[in-house]
Amino acid sequence: MSDLLTGFAFFLIIEGLVYALAPRFLVAMARLLPSIPEQQLRISGLVAVMLGVALVWLIRG
């Protein structure tokens, strides 16, 4: 359970840094999202999930 909470804490840190350090970039990305095809967003999300799982597997293995 502590690993899950640690992962969530890192997620919050990274998200907070984006908002704190690059708010203009975040707004620009939010404006760009509607123009990106849904299929491309879905594939990008799945690739990110696979990379995350692979990293955890490498680190913990």
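For the structure itself, consult the block above.
This is a predicted model, so every value here is computed, not measured.

Calculation notes
- Residues numbered from 1 in each chain as written.
- Predicted model: local features only at pLDDT ≥ 70, side-chain atom pairs only at ≥ 80, totals over all residues.
- Heavy atoms only, no water.
- Patch = residues over 30% accessible without salt bridge, like charges linked within 9 Å, V, L, I, M, F, W, Y side chains within 5 Å.
- Areas by Shrake-Rupley, 256 points an atom, 1.4 Å probe, with all protein chains shown as cover.
- Salt bridge = Lys/Arg side-chain N within 4 Å of Asp/Glu carboxyl O.
- Helix = DSSP H or I, 4+ residues; strand = E, 2+ residues; numbered from the N terminus.
- Buried < 20%, exposed > 50% of the residue type's maximum accessible area, 1.4 Å probe, protein only.
- Expected span 1.5 Å × (residues − 1).
- Phe/Tyr/Trp six-rings, centres within 6.5 Å; stacked < 30°, edge-to-face > 60°.

### Describing a nonpolar patch on the surface
On the surface, Phe10, Ile13, Ile14, Leu17 and Leu21 cluster together into a nonpolar patch covering about 540 Å² of accessible area. One can find isoleucine 13 in helix H1 (residues 2–21). Residue classification places isoleucine 13 among the partly exposed residues on the basis of a relative accessible area of 46%.

### Digging into helix H3 (residues 38–60)
Along its 23 residues, H3 runs 33 Å from first to last C-alpha, staying within 8% of the 33 Å computed at 1.5 Å per residue. Buried residues are scarce in H3, accounting for 0 of its 23 residues.

### Some thoughts on the packing of aromatic side chains
Geometry of an aromatic ring pair is reported as the spacing of the ring centres plus the angle between the planes. Counted according to the given criterion, the structure contains 1 aromatic pair. Taking the centre distance of 6.2 Å and the plane angle of 25° together, the rings of phenylalanine 8 and phenylalanine 11 count as stacked. With phenylalanine 8 and phenylalanine 11 both in helix H1, this residue pair falls 3 residues apart, about one helical turn. We classify phenylalanine 8 as partly exposed; its relative accessible area is 47%.

These results come straight from atomic positions and should not be treated as a statement about function.
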